[in-house]
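Residues per chain are reported as follows:
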Amino acid sequence: MTKIAPSILSADFLNLKQEIQDISLGGADLIHLDVMDGNYVPNITFGMPIIKSIKKISSIPLDVHLMIDKPERYIDDFIDAGADILTIHAEATTHLHRTIQLIKSRGIKAGVSLNPATPLDVLEYIMDELDLILLMSVNPGFGGQSFIKAVERKIQTLKNRISADYSNVLIEVDGGIKLDNAKHIADLGADILVIGSDIFSYNDVRARTEQFKILVSE
Ligand code: DX5
Ligand code: ZN
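These numbers were taken from a predicted model, which means no experiment stands behind them. (Residues numbered from 1 in each chain as written. Chains lettered and ligands numbered in written order. Predicted model: local features only at pLDDT ≥ 70, side-chain atom pairs only at ≥ 80, totals over all residues. Heavy atoms only, no water.)

1. Looking at the site of ligand 1
- Taken together, 20 residues are adjacent to ligand 1, and Gly141, Gly144, Asp174, Gly196 and Ser197 come closest.
- Asp34 has a polar side-chain atom sitting 2.8 Å from an oxygen atom of ligand 1.
- Interatomic distance of 2.8 Å between a backbone N/O atom of Gly176 and an oxygen atom of ligand 1.
- Among the elements of the structure, strand S2 (31-36), strand S3 (62-67) and strand S8 (192-195) are those that each provide at least two residues to the shell around ligand 1.
- Looking at the shell around ligand 1, the element that brings in the most residues is S2, giving three residues.
- Each residue belonging to the shell around ligand 1 can be placed in one class, and the counts come to eight nonpolar, ten polar and two charged. (Near = heavy atom within 4 Å. Polar contact = N/O pair within 3.5 Å; in protein donor to acceptor, adjacent residues only side chain to side chain. Helix = DSSP H or I, 4+ residues; strand = E, 2+ residues; numbered from the N terminus. Nonpolar A, V, L, I, M, F, W, Y, C, P; charged D, E, K, R; others polar.)

Shown next, in the form of structure tokens:
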């Protein structure tokens, strides 16, 4: 069944504890945490201190998405802060295989994220090492953008490759997912949907999360 991972990038940071409780009560499967360094992407968000605090109150796994340059510098820090899944960008590290090995050596699930224009071939010699592949369906850096239609084909192609290899790596799709396209994206092959603004821009975050859960469970 397709899982829901709300991204707190669009949450009310003055009421983060309540927002996290609400998405959890609404059935969220993961909390998606968008870490941005202002270098790899043109935005800066938060780092280990926020993640440490969220870990104390979260009953669901932390899905940490590192949109930072040279993420190998901070793998241990984000794992020590509480990451349950740690995803790095293939485009942001020189030694992708070594960095994935480092994450897995700590017993944490390892993910690789690809920007919209990055071809799937980048994954060819590392696919077997991965727990998760995060396909960006917007250009990373901001919430509230529109889904890039060309990524639909990318999701289908990746799903077919995974099925052909009988591997169990999960496909997570991130960016521009709304209530009116979520089911379609799930049907294309997405196992996990990251949703930011179309959950947190609503007053009743719990009810909005429940709507997504019901939709993708149909
Ligand atoms: C963008 C982030 C996404 C974003 C999704 O760089 O990686 O997770 O927060 O937000 P929406 O759902 O608003 O596109
Ligand atoms: Zn993200």
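On we go.
2. What to know about the sheet that holds strand S4 (residues 85-89)
- Strand order in the open sheet formed by eight strands is S1-S8-S7-S6-S5-S4-S3-S2, and the pairing between neighbours is parallel. Two strands bound the open sheet, and with one partner strand each, they are strand S1 (3-6) and S2. Averaged over all pairs of adjacent strands, the angle between their axes in this sheet comes to 25°, without regard to strand direction.
- Two elements, S4 and strand S5 (residues 109-114), share five bridges in a ladder whose sense is parallel. What sits directly across from Ile85, in S5, is Lys109. (Pairing = 2+ DSSP bridges. Axes fitted to C-alpha atoms, helices over the stretch in contact; angles between N-to-C directions.)

3. Observations regarding the UniProt feature "active site" (unreviewed entry) in the protein chain
- Mapped onto the present numbering, the UniProt feature "active site" (unreviewed entry) falls on Asp34 and Asp174. Considering the C-alpha atoms alone, the annotated residues occupy 141 residues of sequence yet fold into one spot, their largest mutual distance being 10.4 Å.
- By the secondary structure assignment, Asp34 is in strand S2.
- Residue classification places Asp34 among the buried positions, given a relative accessible area of 5%.
- Once you skip the residues sitting within four places of it in the chain, Asp34 turns out to touch Ser7, Leu9, Thr45, Phe46, His65, Met67 and Asp174.
- Of the polar contacts made by the side chain of Asp34, one reaches the side chain of His32; its length is 2.9 Å. (UniProt positions renumbered as here; feature names shortened; annotations may be inferred. Buried < 20%, exposed > 50% of the residue type's maximum accessible area, 1.4 Å probe, protein only. Contact = heavy atoms within 4.5 Å.)

4. Quick look at the environment of Lys213
- Residue placement: Lys213 occurs in helix H8 (residues 205-217).
- The spacing of Lys213 and Leu102 is 111 residues in sequence and 33 Å in space, taken between C-alpha atoms.
- Setting aside chain neighbours within four positions, we find Lys213 in contact with Ile4, Gly26, Gly27 and Asp29.
- Among the polar contacts listed, one links the side chain of Lys213 to the side chain of Asp29, at a separation of 2.9 Å.

5. So, the environment of Lys178
- In this structure, Lys178 sits in the loop between strand S7 (170-174) and helix H6 (182-188).
- The class for Lys178 is partly exposed, based on a relative accessible area of 23%.
- For the pair formed by Lys178 and Ile23, sequence separation is 155 residues and the distance between their alpha carbons is 16 Å.
- Apart from residues lying up to four places away in sequence, Lys178 is in contact with Gly144, Gln145, Ser197, Asp198 and Phe212.

6. As for helix H1 (residues 16-25)
- Considered for burial, the residues of H1 that qualify are Leu16, Glu19, Ile20, Asp22 and Ile23. Along the axis of H1, the buried residues cluster in a sector spanning 160°; they form a single face. Away from its buried face, by an angle of more than 90 degrees, H1 presents the exposed residues Lys17 and Leu25.
- Against the buried residues of H1 lie S1, S2, helix H2 (48-57), helix H7 (197-200) and H8. (Arc of directions from axis to C-beta.)

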